[in-house]
Amino acid sequence: MSTVLVNHGIKRSAVPAQDVDPDGKDLDLKDLSPTTSTFSIPELGAPIAQERRSFFRRSKRDPDAIATQPSVFDDPLSLEVYRPKKEYENAHRFDPYARWTWGEEARLVRKIDFRIMIWACVMFFALDLDRANISQANTDNFLPDLGMNTNDFNLGNTLFKLCFLLAELPSQLISKRLGPDIWIPSQMILWSIVSASQFWLSGRGSFLAARCLLGFMQGGFIPDVILYLSYFYTKNELPLRLAWFWVSNYVAELVGAFLATGILRLRGVGGHAGWRYMFLLEGILTLLVGVLSFFLMPPGPTQTKAWYRPKGWFSEREETIMVNRVLRDDPTKSDMHNREGLHIKKIFQIMKDWRLWPIYILGMVFMIPVNPPHTYLTLSLRNLGFDTTMSNLLSIPSTALGIINLVVFCYLSEIIDSRIGSVVILQFWALPLLIALYSFNHNTSQWVYYAVVTLITAYPYVHPVQVAWASTNSSGVGTRTVSASLYNMFVQLSSIISANIYREDDKPLYKRGNRALIAICVMNIVLYGLTFLFYRTINKRRERKWNAMTPEERQHYLDTTTDVGNQRLNFRFSY
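These numbers come from a predicted model, not from an experiment.

Help me understand the overall build of the protein chain, please; the structure alone is not making it clear to me.
A count of helical and extended segments in the protein chain gives 23 helices and two strands. Here the C-alpha atoms of the protein chain give a radius of gyration of 26 Å, agreeing with the 25 Å that 2.2 N^0.38 yields for 575 residues. For the C-alpha atoms alone, the extent of the protein chain along its principal axes is close to 85 × 55 × 45 Å. The buried share among the 575 residues of the protein chain stands at 59%. Counted over contacts in the protein chain with a minimum sequence separation of 6, partners at least 24 positions apart contribute 82%. Accessible surface, the protein chain: about 23700 Å² in total, of which carbon and sulfur atoms supply 62%. For the protein chain, the separation between the mean place of its 59 positive charges and that of its 49 negative charges on side chains is 5 Å.

Looking at this structure, how should I read helix α9 (residues 274–296)?
Along an α-helix, a turn takes 3.6 residues, which lines up residues three or four apart on a common side. Compared with the 33 Å implied by 1.5 Å per residue over 23 residues, the 33 Å span of α9 between its first and last C-alpha is a close match. Buried within α9 are the following residues: Gly274, Trp275, Arg276, Tyr277, Met278, Phe279, Glu282, Gly283, Thr286, Val289, Gly290 and Ser293. The secondary structure elements touched by the buried residues of α9 are α2 (102–137), α3 (142–145), α5 (180–196) and α8 (238–263).

I keep staring at the nonpolar core and nothing clicks. Help me out?
Core analysis: the largest hydrophobic core is formed by 137 residues, its most contacted members being Phe142, Phe221 and Trp246. Here the element with the most residues in this core is α2; it accounts for 14 residues. Every residue in contact with Phe142, bar those within four places of it in the chain, is listed here: Ile134, Ala137, Met148, Leu201, Phe207, Trp275 and Phe279. One finds Tyr82, Phe94, Leu327 and Leu558 within the second-largest nonpolar core, a separate group that totals 14 residues.

Just checking my understanding: could you explain the environment of Tyr88 for this structure?
Here Tyr88 is to be found in the loop between α1 (76–82) and α2. Looking at Tyr88, the relative accessible area reads 7%, which means it is buried. A sequence separation of 78 residues divides Tyr88 from Leu166, and the C-alpha atoms of the two residues are 30 Å apart. Once residues lying within four places of it in the same chain are set aside, the contact partners of Tyr88 are Val323, Leu327, Lys333, Ser334, Met336 and His337.

Procedures and definitions
- Residues numbered from 1 in each chain as written.
- Predicted model: local features only at pLDDT ≥ 70, side-chain atom pairs only at ≥ 80, totals over all residues.
- Heavy atoms only, no water.
- Helix = DSSP H or I, 4+ residues; strand = E, 2+ residues; numbered from the N terminus.
- Rg over C-alpha atoms; globule rule 2.2 N^0.38 Å.
- Buried < 20%, exposed > 50% of the residue type's maximum accessible area, 1.4 Å probe, protein only.
- Contact = heavy atoms within 4.5 Å.
- Areas by Shrake-Rupley, 256 points an atom, 1.4 Å probe, with all protein chains shown as cover.
- Lys, Arg positive; Asp, Glu negative; His and termini not counted.
- Charge placed at Lys NZ, Arg CZ, Asp CG, Glu CD.
- Expected span 1.5 Å × (residues − 1).
- Core = buried A, V, L, I, M, F, W, Y, C linked by side-chain atoms within 4.5 Å.

Laid out in structure tokens, this is it:
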């Protein structure tokens, strides 16, 4: 993971906690003695980086031992460099001398998981139910009913992804100004109305218009939620939580397949196709989730009290632990208020940060090898001769296996502490299967074809690891806001490219398309290797400069530098 190094070279005196005001106004650094201490600073916990991690079991920790981790707040001078500004919504709970045990932290994290994480997963479930039900509609003669073909379907998917992409950054900026607790539920209500209105689609024009509107309404939802979750979780905790967040994506596919199996049987009721009822009913379900989200999303860790929740969710002690453990992990999370907007100049500065562009480029290409087979799974099964019910049911095994792979490989990224080492596995998974798919012909058994396509679409979904990777290397709430949008925009661009690889004149075996996917897969392996060298070179160069400086020079640099976020010499990139 990325790291902000502490200057341990200068020994400073401690200051009594009762003499330090929350804003640090009473701390006079000129009065500090280099050797004398006026009181004993509370003991810190053992750094977790020193613990050995196991894939099969977590490290056992004494629940009564101190869990507070060392950070820049333990040195009086760097404390003043990184102290939260008074506008930060959680500043009143910041206390550099706060200490807590592993038992307290474990109970609190479980509580956050229950109160915050579960509902985030429910919201994502609703998003993907409305976003992916077009695949189930395809098994119910959706295209013939509207007088369309595969190319029209590709165009609809392309417009959806393009509008989704264009809405990413504006949505994030609105969310940063209004607060995710206001904007995210509003988004959900808007897109649920559009989704339900697909009941009345009449042809190619209305289909394309609906896809555009859905893309505009849903764009930005994912980075909005990820930024929101970063208020509550540390860098080590976030990737695994994002894995479970994306599990809800797979659960939506599973539940959607079962719902479609039943709802599509309504074909003929009232003279309407079954897919029309599916869009209507699933849109209404999302509308209910959106309304409930207004009441179940607090603005932040210390803002859970409301007129309908007068006591809030967390005690004062829990709020103190929540705020300080997150800031000790990443001091830059106090850079901005959760309802503070970004200026245009700041946005362009973040967009020009060339250090993050390798991750953006990987976001554009890493999913292309598996996207077309996944998108066309149900349509391919229909082309192989399976009926509507069987096509939906046969999509379930790949989803179930995908859930297992998602959690295993996201957890693996934390065990081996290597982002690239865990995400490049997707390419090695896909490459031999794509070669096998390319070798098939019209005489290949439909069950052999099904087995290979199922394995391809059950790929290790390493997207959560790359999202957390981009967030970790951003450093700072403002940078993280924009970089999350930019990264997701490149991912949507990947979907646009993917939507146009399988063409009408290439079906049903898509030989030309599969040949292109194999080439892109090989290219991705090379790109991951180059990205590894890129970040390792930057870190080693900074390490040499930092180690060559005396403690006094380091402190002078921290006090006077205009470098911010990941530009600082004491920042180390994750790779």
